[in-house]
Amino acid sequence: MTDLRFAPTRAVQITFDCADPAALAAFWAEALGYQVQPPPPGFDSWDAALESFGVPREQWNSRSALVPLDGPHPRLFFQRVPEGKTAKNRLHLDIRVAPGLEGAERMAALEAEADRLVALGAVHAYRVEPDPDGTEAGFISLRDPEGNEFCLD
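Reading the values: rules and limits
Residues numbered from 1 in each chain as written. Predicted model: local features only at pLDDT ≥ 70, side-chain atom pairs only at ≥ 80, totals over all residues. Heavy atoms only, no water. Helix = DSSP H or I, 4+ residues; strand = E, 2+ residues; numbered from the N terminus. Buried < 20%, exposed > 50% of the residue type's maximum accessible area, 1.4 Å probe, protein only. Contact = heavy atoms within 4.5 Å. Areas by Shrake-Rupley, 256 points an atom, 1.4 Å probe, with all protein chains shown as cover. Lys, Arg positive; Asp, Glu negative; His and termini not counted. Charge placed at Lys NZ, Arg CZ, Asp CG, Glu CD. Phe/Tyr/Trp six-rings, centres within 6.5 Å; stacked < 30°, edge-to-face > 60°.

Novice: Before we move on, can you summarise the overall build of the protein with the specific residues and values?
Specialist: Per the secondary structure count, the protein includes three helices and eight strands. When the backbone C-alpha atoms are referred to their principal axes, the protein occupies close to 60 × 45 × 30 Å. Taking all 153 residues of the protein together, the buried fraction comes to 29%. Considering only contacts within the protein whose residues lie at least 6 apart along the sequence, 59% involve residues at least 24 apart. Here the protein displays about 9,900 Å² of accessible surface, and carbon together with sulfur accounts for 54% of that area. Side-chain charges of the protein comprise 14 positive and 24 negative groups, with the mean position of each set lying 6 Å from the other.

Structure below.
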């Protein structure tokens, strides 16, 4: 039996349940600087691959995946589900926009990124101001086009 206390680190994939995998993947690709995972070797597009594999056309947008342009970041996977989002996320992403910045400079950088993401389809939820005592640096909460909460930090 393998001692799991010493198991090697495993790769992590973050999965989004959603109504429109292609559209949500496009939003997150722009938000995070990712790219749609390229089609398998021998195919110039996913449409060509899916058609060759015999996947019915109505299922072509049942899933999508994003991969980072560089670095060891997690793969993002988007899968179509029949039900819509009904409650607050129990887990959310924080996009680190302003590491090392403080006060007004930090909040200006967060607002600039929030404006960019709202133009892509995000919805501004709320803003938390920095505390004068330094216990809270300040952040902005948004929702992606399908209502998933995330923060700019």
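Novice: Account for the packing of aromatic side chains, naming residues and giving values.
Specialist: One pass over the full model with this rule turns up seven aromatic pairs. Between F27 and W28 the ring centres are 5.3 Å apart and the planes differ by 85°, which places this aromatic pair in the edge-to-face class. The same class applies to F27 as to W28, namely buried. Members of the aromatic cluster, joined through ring pairs, are F16, F27, W28, F78 and F150.

These values are about where atoms sit, not about what they do.
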